[in-house]
Amino acid sequence: MIYIKTREEIELMREAALCVSKTLGMIAGELKEGVELKKLDKLAEEFIRDMGGIPSFKGYPDNKPGSFPATLCLSLNDAVVHGIPDSRVVKDGDVLSVDCGVIKNGFHGDHAYTFCIGNVKPEVRKMVEVTKECLYKGIEQVTANNRIGDIGFAIQQHAEKHGYGVVRELVGHGLGRSLHEDPQVPNYGRRGTGPKLRDGMVIAIEPMINMGKKEVRTASNGWDIITKDGLPSAHFEHDVAMIDGKAEILSTFDYVYEALGIKK
Ligand code: MG
Ligand code: MG
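First, a word on what this report is: a plain description of the structure on this page. (Residues numbered from 1 in each chain as written. Chains lettered and ligands numbered in written order. Predicted model: local features only at pLDDT ≥ 70, side-chain atom pairs only at ≥ 80, totals over all residues. Heavy atoms only, no water.)

## Concerning the nonpolar core
Membership of the largest hydrophobic core comes to 53 residues, with the highest contact counts inside it found for Leu31, Leu96, Ile151, Ile203 and Ile205. No other element matches helix α3 (residues 122-140), which puts seven residues into this core. The contacts of Leu31, once residues within four sequence positions are left out, are Leu40, Val90, Leu96, Phe115 and Ile117. In this structure, Ile10, Phe57, Val202 and Leu250 belong to the second largest nonpolar core, which totals 16 residues. (Core = buried A, V, L, I, M, F, W, Y, C linked by side-chain atoms within 4.5 Å. Buried < 20%, exposed > 50% of the residue type's maximum accessible area, 1.4 Å probe, protein only. Helix = DSSP H or I, 4+ residues; strand = E, 2+ residues; numbered from the N terminus. Contact = heavy atoms within 4.5 Å.)

## A look at the sheet that holds strand β8 (residues 181-185)
Overall, antiparallel pairing links the five strands, which are arranged β8-β7-β9-β14-β15 in an open sheet. Among the strands making up the open sheet, the edge pair consists of β8 and β15 (246-249). Pairwise comparison of adjacent strand axes, ignoring direction, gives a mean angle of 30° for this sheet. As judged from the four bridges shared by strand β14 (residues 238-243) and β15, these two strands associate in the antiparallel manner. Across the sheet, residue Ala241 finds its bridge partner in β15, namely Glu248. In the packing of α3 onto the sheet, the strands contacted are β9 (202-205), β14 and β15, and the crossing angle to β14 comes to about 15°. (Pairing = 2+ DSSP bridges. Axes fitted to C-alpha atoms, helices over the stretch in contact; angles between N-to-C directions.)

## Section: the coordination of the magnesium ion (ligand 1)
On the protein side, the magnesium ion (ligand 1) has Asp99 (OD), Asp99 (OD), Asp110 (OD) and Glu237 (OE) as donor atoms, found 2.0 to 2.4 Å from it. Between consecutive donor residues of the magnesium ion (ligand 1), the sequence gaps follow D-x10-D-x126-E. A separation of 3.2 Å is found between the magnesium ion (ligand 1) and the magnesium ion (ligand 2), which are bridged by Asp110. Of this pair, Asp99 sits in strand β4 (residues 95-104) while Asp110 is found in strand β5 (residues 107-116), placing the two residues eleven residues apart along the sequence. A relative accessible area of 6% means that Asp99 is categorised as buried. (Donors = N, O, S within 2.8 Å, 3.2 Å for Na, K, Ca; no water.)

## So, the coordination of the magnesium ion (ligand 2)
Asp110 (OD), His173 (NE2), Glu206 (OE) and Glu237 (OE) make up the full set of protein donors to the magnesium ion (ligand 2), lying at 2.1 to 2.2 Å. Each donor residue of the magnesium ion (ligand 2) lies on one chain, and together they are spaced D-x62-H-x32-E-x30-E.

Below, the structure is given as structure tokens:
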């Protein structure tokens, strides 16, 4: 069932999304060659709790053994998503997807950015850029006359035009009082299919694009989703509400851009 949010609820969700955006900005400032993934995770948890937020991912889904153990999903190189922060350190030439969820005001924010560290190969950097473009191509489709399938169609077209693989096993999702609500928002699809987009819907759009083939598998730690061909992957995510028939992005990359000195 799709939960439609009121304008007031969307404003509360914007605050949750902003907590995540600020956390990604803080991480952007700490991300350097030699930093340990676990350290980034610890910094993020402290930062979120200082803002009065609760990490969404820690203990997901049910706090039982085997639940996700950390605040951030840190997915390095051939990891697509759901990477567990461990004792690995970031190296020159790495790409790292940082995905973060925060509960604030009883609502979840869920937002991700893929960082290039140091001298990343131009073809890898290009794949990361195109994945970010895919995110905005998807967001453009959030209009009153469209359906969920239009989002996936736009993302898939753009990724495949560049010869990249679009992950099928994991998808975007509705967002609200639960981290994953209906509808599912695939990064592939056909025009004019799926649920109709309506005012008050809030969805997480999150293209997961592989430089090589689309196939993925689960790593031995039970969480990291990695590419089967071992080639790198990228992942960007925004929280998007539909208001008056138009997309309103609740999360922002501004804090990341500020930390990285990127002018928009
Ligand atoms: Mg996420
Ligand atoms: Mg998500």
